Amino acid sequence: MLVQFTSKRENIGINPDRILFCCVNGKYTRIFVDDGTPIDVNESLAEVCEKCNVNFTMKIDENQNMV
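Cut-off values and rules
Residue numbering note: each chain is counted from 1, following its sequence as written. Residues qualify for local features only when their pLDDT is at least 70, as the model is predicted, and side-chain atom pairs are given and counted only at 80 or more; totals for whole chains, interfaces and linings, by contrast, use all residues. Hydrogens are left out, water is left out, and the side-chain values use all remaining heavy atoms of the structure. Helix numbers and strand numbers start at the N terminus; a helix is a DSSP run of H or I with at least 4 residues, a strand a run of E with at least 2. A simple rule labels every residue: compare its accessible area, found with a 1.4 Å probe on the protein chains alone, to the largest value its type can have, and call it buried under 20%, exposed over 50%, or partly exposed in between. Note on contacts: a residue pair is in contact if any heavy atoms of the two residues lie within 4.5 Å. Residue burial considers only the protein chains on display, and all accessible areas are found by Shrake-Rupley using a 1.4 Å probe. Cysteine sulfurs are considered disulfide-paired once they come within 2.5 Å of each other.

### Points about the overall build of the protein
Counting its regular elements, the protein contains 1 helix and 5 strands. Along the protein, helices (α) and strands (β) appear in the sequence β-β-β-β-β-α when read from the amino end. Here the protein holds 67 residues, and 27% of them are scored as buried. For the protein, contacts bridging at least 24 residues in sequence account for 22% of all contacts bridging at least 6. Split by element, the accessible area of the protein, about 5,000 Å² in all, is 48% carbon and sulfur.

Structure follows, in structure tokens:
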């Protein structure tokens, strides 16, 4: 199964089974796939997780750090 994302120049399809992890990279979300390739997409981190059917929670501790 492929999930469609919007990159800087085009629409791309990524197999969610090949995604290692994602993180915020400025105004983009960076997706790292299993071969080490980083891909920047326009969708937010929450949208990426929703499209890939991943549940996550972000907590902010008393020092304003995400844990």
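### Here we look at the side chain of Thr29
Its location among the elements puts Thr29 in strand β4 (residues 28-33). With residues up to four places along the chain from it excluded, the contact list for Thr29 reads Cys22, Cys23, Ile39, Asp40, Val41, Glu43, Ser44, Leu45 and Val48.

### Quick look at the state of the cysteines
In the structure shown here, the tally under the stated rule is 0 disulfides. Between Cys22, a cysteine without a disulfide, and Cys49, which holds the nearest cysteine sulfur, the sulfur-to-sulfur distance is 5.9 Å. Owing to a relative accessible area of 23%, Cys22 belongs among the partly exposed residues under this scheme.

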